Amino acid sequence: MTDRDSGSRGGDATGADPEGAPSVPAALSAGAALFNEGHVLAAHDPWEAAWLPLDAGDDERLLHGLIAAAAATHHATERNWSGAAGCAENAVRYLGGVDDAARGVDVATVSEWCRRLVTDPETIERARPPAIRIDGAAPTFADLDLAATLLAAPALADAVAHGDEATFERAAALARAERGTGRTRFAELLFAFLREPGARPQVAARLADHVELTDRKRRDVDDLF
């Protein structure tokens, strides 16, 4: 089994639980890869999508802390020192309520980075933020399975302005619908969008064409009844 057809704990192979919300492991991996690849603010999207439906508990605090850490890092990059310090303080508080290896995440390193931002947000100009590590590894786009890819690709599309997020969300839904049919067109294009930076404009254009074609065919069928 390859990373392209393996699933994640807590959901099916597309990373959705029975209620349709993203699984926490898939969201963690997607957000970590976005963060580690330098798309810090975009990392917020998959984490928030998994966080919003959660009740209070370790997963809720972990995701809330990571969201705040990403916001703090983004504010620091934008030289919004007060915003960075405030979000970093929130991150330290949320992450302080979870185990140092919750869901395999290296919480201690993230917390230490945020403590630095609280006292000296200008540290971003002297040091890069540490990679977010899960089970000892720092995920990049090349490491993501299908579940995480379907969460990361729309967030990246919005961040790099290739295509629009809504089209990529629709493509992700179509990739989920492909599962078990023997077709992988949408999944393969979403993998390519993440993993082939130089081809992103072309991949985004092809993806948009396939989404439009698929939806037009469905509308034509609906009009027959």
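Structure: see above.
What counts and what doesn't
- Think of each chain on its own: its residues are numbered from 1, step by step along the sequence as written.
- Under the rules for a predicted model, residues below a pLDDT of 70 receive no local features and side-chain atom pairs below 80 are neither given nor counted, while totals for whole chains, interfaces and linings still include all residues.
- The basis for every side-chain value is the complete set of heavy atoms in the structure, and neither hydrogens nor water enter the calculation.
- Helix and strand assignments follow DSSP, with helices taken as H or I runs no shorter than four residues and strands as E runs no shorter than two, numbered in order from the N terminus.
- For the exposure calls, accessible area comes from a 1.4 Å probe over protein chains only, and a residue counts as buried if that area is under 20% of its type's maximum, exposed if over 50%, partly exposed in between.
- Here, residues are in contact when the closest pair of their heavy atoms is within 4.5 Å.
- Residue-level accessible areas treat just the shown protein chains as cover; the underlying method is Shrake-Rupley with a 1.4 Å probe.
- Residues belong to a common nonpolar core when they are buried Ala, Val, Leu, Ile, Met, Phe, Trp, Tyr or Cys residues joined through side-chain atoms within 4.5 Å.
- Each Phe, Tyr or Trp ring, with Trp reduced to its six-membered ring, pairs with another whose centre is within 6.5 Å; inter-plane angles below 30 degrees give stacked pairs, above 60 give edge-to-face pairs, and intermediate values give tilted ones.
- Whether a charge lies above a ring is judged from NZ of Lys or CZ of Arg, which has to be within 6 Å of the ring centre and within 35 degrees of the ring normal.
- Here, axes are lines fitted to C-alpha atoms. For helices the fit covers the stretch in contact, and angles between N-to-C directions go from 0 to 180 degrees.
- Oblique is the label for any angle not under 35 degrees, not over 145, and not in the 65 to 115 range, which are roughly parallel, roughly antiparallel and roughly perpendicular in turn.
- Rotating anticlockwise by less than a right angle from the far helix to the near helix defines a left-handed crossing, while the corresponding clockwise rotation defines a right-handed one.
- Charged means Asp, Glu, Lys or Arg here, nonpolar means Ala, Val, Leu, Ile, Met, Phe, Trp, Tyr, Cys or Pro, and polar covers whatever is left, Gly included.

(A) View of the overall build of the protein chain. Helix and strand content of the protein chain: nine helices and zero strands. When the helices and strands of the protein chain are read in sequence order from the N terminus, they spell out α-α-α-α-α-α-α-α-α. When the 225 residues of the protein chain are sorted by exposure, 46% land in the buried category. Across the protein chain, the fraction of contacts at a sequence separation of at least 24, relative to all contacts at a separation of at least 6, is 61%. If you sum the accessible surface of the protein chain, you get close to 10,900 Å²; carbon and sulfur atoms cover 49% of it.

(B) Here's a closer look at the environment of alanine 21. Of note, alanine 21 is situated in the segment before α1 (24–36). Classification of alanine 21 as buried rests on a relative accessible area of 14%.

(C) Molecular detail of the nonpolar core. Leu28, Leu34, Trp47, Leu62, Ile132, Phe168 and Leu190 are the most contacted members of the largest nonpolar core, which totals 70 residues. Residues contacting leucine 62, with those up to four places away along its chain left out, are Leu28, Leu95, Val98, Ala102, Arg103, Val105 and Val107.

(D) Region of the structure containing the side chain of serine 111. Looking at where serine 111 falls in the secondary structure, it is placed in helix α5 (residues 107–119). Setting aside chain neighbours within four positions, we find serine 111 in contact with Val92 and Leu95.

(E) Examining the environment of alanine 85 more closely. The topology assignment puts alanine 85 in helix α4 (residues 81–95). On the basis of relative accessibility, which here comes to 18%, the residue alanine 85 falls in the buried class. Distance from alanine 85 to arginine 115, taken between C-alpha atoms, is 8.7 Å for residues 30 residues apart in sequence. Aside from chain neighbours lying at most four places away, what touches alanine 85 is Leu117 and Val118.

(F) The arrangement of the packing of aromatic side chains in detail. Under the definition given, this model contains one aromatic pair. Ring centres of phenylalanine 168 and phenylalanine 193 lie 4.6 Å apart, and the angle between their planes is 50 degrees; this geometry places the pair in the tilted category. Of this pair, phenylalanine 168 sits in helix α7 (residues 165–178) while phenylalanine 193 sits in helix α8 (residues 185–195), and the two are 25 residues apart along the sequence. Phenylalanine 168 sits in the buried class, given a relative accessible area of 1%. A cation over an aromatic ring shows up here: arginine 93 above the ring of tyrosine 94, its NZ or CZ 5.1 Å from the ring centre. The residue whose ring lies beneath arginine 200 is phenylalanine 193, and the NZ or CZ to ring-centre distance is 5.9 Å.

(G) Just the packing of α1 against helix α2 (residues 44–51), in detail. Where α1 meets α2, the axes come as close as 7 Å, and the angle between the chain directions of the two elements is 160 degrees. Relative to α2, the element α1 lies roughly antiparallel. Viewed along their axes, α1 and α2 form a crossing whose handedness is left-handed. Between α1 and α2, the residues in contact are Val24, Ala27, Leu28, Ala30, Gly31, Ala32, Leu34 and Phe35 and Pro46, Trp47 and Ala50, respectively. Class assignment for the residues of the contact of α1 with α2 results in ten nonpolar, one polar and no charged.

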